[in-house]
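Structural overview
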Amino acid sequence: MFELMFCSLLTILPDYLYRRYAQGKRFGKEITFFSIWYELRWGITRCLMLTVSLITMIFYFHPSTTSAALYFRTVPILPEGAGRVAEVKVGFSEPVKQGDVLFTLDSSRQRAAFETAARKVAEVDASMLAAQSDVVRAEAQIQEAKANYQQARDELDTKSDLQRRNPGIVPQRDIEKLQVLVDQRQAGVDAATAVKQSAALQVSTLIPAQKASAEAALAQAQVDLDKTVVRAGVDGRVEQFLVRTGDVVNQLMRPAGVLIPEGAGRGALQAGFGQIEAQVMKEGMLAEATCISKPWVIIPMVVTTVQDYIAAGQFRSGEQLIDPQNIARPGTILVYLEPLYNGGLDGVTAGSSCIVNAYTSNHEEISAKDTGTFRKIALHVVDGVGLVHALLLRIQALLLPIKTLVLSGH
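For clarity, every value in this text was computed on a predicted model and none was experimentally measured.

Points about the pattern of salt bridges
If you walk through the whole model with that rule in mind, you get 7 salt bridges. Between Glu115 and Arg119 there is a salt bridge, with its nearest N and O atoms 3.3 Å apart. Taken together, the residues span about one helical turn, with Glu115 and Arg119 both in helix 5 (residues 108-165) at a distance of 4 residues. Residue Glu365 pairs with Arg375 through a salt bridge whose shortest N-O separation is 2.5 Å. Of this pair, Glu365 sits in helix 7 (residues 363-367) while Arg375 sits in helix 8 (residues 373-384), and the two are 10 residues apart along the sequence. The partly exposed category is assigned to Glu365, whose relative accessible area is 31%.

Spelled out as structure tokens, the structure:
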């Protein structure tokens, strides 16, 4: 309507003034309601054509959408395992900090496993002490075996020397027995050394490996025990927390509640613009928004990201071929907008629906030296008609509470 009134001032009004004062025709005489079309046909035709062109230009170069909202991420509250709720720490709706306990599960089985693993570690530690004692005992046995070996060796050397000096003074049988005894005592030394090596191997390798396995089992038991305590992963607020003591929960069931991170929905606004505006939407474009939860306020915004694909075209591979005609709605270009000034979204409730206008700016191209005169004029017109859309947005912001509270049936 605003565009039609504006265009009529440039077309129908000059045509009427020409008919009235140049041709001398008077309204109610030559110009009547029945002859308006014939008398003002040129002005009416130009008005309609100019109105359609103006509306097309405004909505193409300065796109608008009502499909905008402050989307926010939520975190489902779920345990990592299944179990029965033993204790609930928070209420239906309550602010929480990162690490706060939300609820606990029955942990009798996990505690028993943890105690078993802890006792296994203690058992390995005791085995280490016993193995160290075996090393000490093996060293004593080696010293004893070496002493016995040395005694037998000395006796063999003595009798062998006497036999060499005075043949026949020492029976050959005694020398052979002493040689067997020396070999036996040497075998005893070797056996004691092997026992020490075995005990040392247990102390240095086997028992440490057993202790590492026991400590790993203890750590796993601790992890399983910690999983029975469900904590808040981030600062935020718990909402719709309905789980109660005695309930059985697991990951396949519905969440115990929802955790809304602190600051969610406060940083950016997401808006969906028509596909035809894909070539117009650019990063860095200025925009304005007005939201239902904060009426009568225009929020300056800037486009930060333009999604280069349309969600309506996504598909998952399956056993059926894709038929494009099954896409019921054409989909939109998703655009992320951030407030131009700090605190621009203060007071806007997360999840609120908004109306967004984006404005094309051709200032750089107009300022370029190689831009022609006619193109500069055209670009000035394109940038100038954005004022119409800005006025329309302010009219929408003014009428939004009336439309919501009065005309919607409340």
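Notes on the sheet that holds strand 1 (residues 64-69)
Overall, antiparallel pairing links the 6 strands, which are arranged 1-10-13-12-11-14 in a closed barrel. With strand direction ignored, the average angle separating the axes of adjacent strands in the sheet is 40 degrees. Across the face of the sheet, helix 9 (residues 386-405) comes into contact with strand 1, strand 11 (286-291), strand 12 (294-306) and strand 14 (353-359) while running at roughly 170 degrees to strand 14.

Section: the layout of surface pockets
Of the voids in this model, the largest pocket is the one considered here, and its volume is about 460 Å³. Forming the walls of the largest pocket are 23 residues, and the residues nearest its centre are Met285, Tyr359, Thr360, Ser361 and Asn362. At the level of secondary structure, the elements contributing two or more residues to the lining of the largest pocket comprise strand 11, strand 12, helix 7 and helix 8. Here the lining of the largest pocket is built from residues that sort into 12 nonpolar, 6 polar and 5 charged.

Notes on the state of the cysteines
Tallied over the full model, the rule gives 1 disulfide. Residue pairing for Cys291: its cysteine sulfur links by disulfide to Cys354, the two sulfurs lying 2.0 Å apart. Between Cys291 and Cys354 the sulfur-sulfur dihedral comes to about 100 degrees; the bridge is accordingly right-handed. Taken as a pair, Cys291 in strand 11 and Cys354 in strand 14 lie far apart in primary sequence, 63 residues in all. Overall, Cys354 belongs to the buried group, its relative accessible area being 2%.

Some words on the packing of aromatic side chains
This model, assessed by the stated rule, comprises 2 aromatic pairs. With 5.0 Å between their ring centres and 90 degrees between their planes, Tyr60 and Phe61 make a pair best called edge-to-face. Assessed through its relative accessible area of 28%, Tyr60 is described here as partly exposed. The class for Phe61 is partly exposed, based on a relative accessible area of 29%. Their ring planes at 40 degrees and their centres at 5.9 Å tell us that Phe103 and Phe241 sit as a pair that is tilted. With Phe103 in strand 5 (residues 101-105) and Phe241 in the loop between strand 7 (236-239) and strand 8 (248-249), the pair connects residues that are 138 residues apart, well separated along the chain. Residue classification places Phe103 among the buried positions, given a relative accessible area of 0%.

Reading the values: the criteria
- Residues numbered from 1 in each chain as written.
- Predicted model: local features only at pLDDT ≥ 70, side-chain atom pairs only at ≥ 80, totals over all residues.
- Heavy atoms only, no water.
- Salt bridge = Lys/Arg side-chain N within 4 Å of Asp/Glu carboxyl O.
- Helix = DSSP H or I, 4+ residues; strand = E, 2+ residues; numbered from the N terminus.
- Buried < 20%, exposed > 50% of the residue type's maximum accessible area, 1.4 Å probe, protein only.
- Pairing = 2+ DSSP bridges.
- Axes fitted to C-alpha atoms, helices over the stretch in contact; angles between N-to-C directions.
- Contact = heavy atoms within 4.5 Å.
- 1 Å grid on protein atoms, 1.4 Å probe; cavity = no way out; pocket = protein on both sides within 12 Å on 5 of 7 lines; lining within 4 Å.
- Points joined across faces, edges and corners; volume = space filled by probe spheres on them.
- Nonpolar A, V, L, I, M, F, W, Y, C, P; charged D, E, K, R; others polar.
- Disulfide = S-S within 2.5 Å.
- Phe/Tyr/Trp six-rings, centres within 6.5 Å; stacked < 30°, edge-to-face > 60°.

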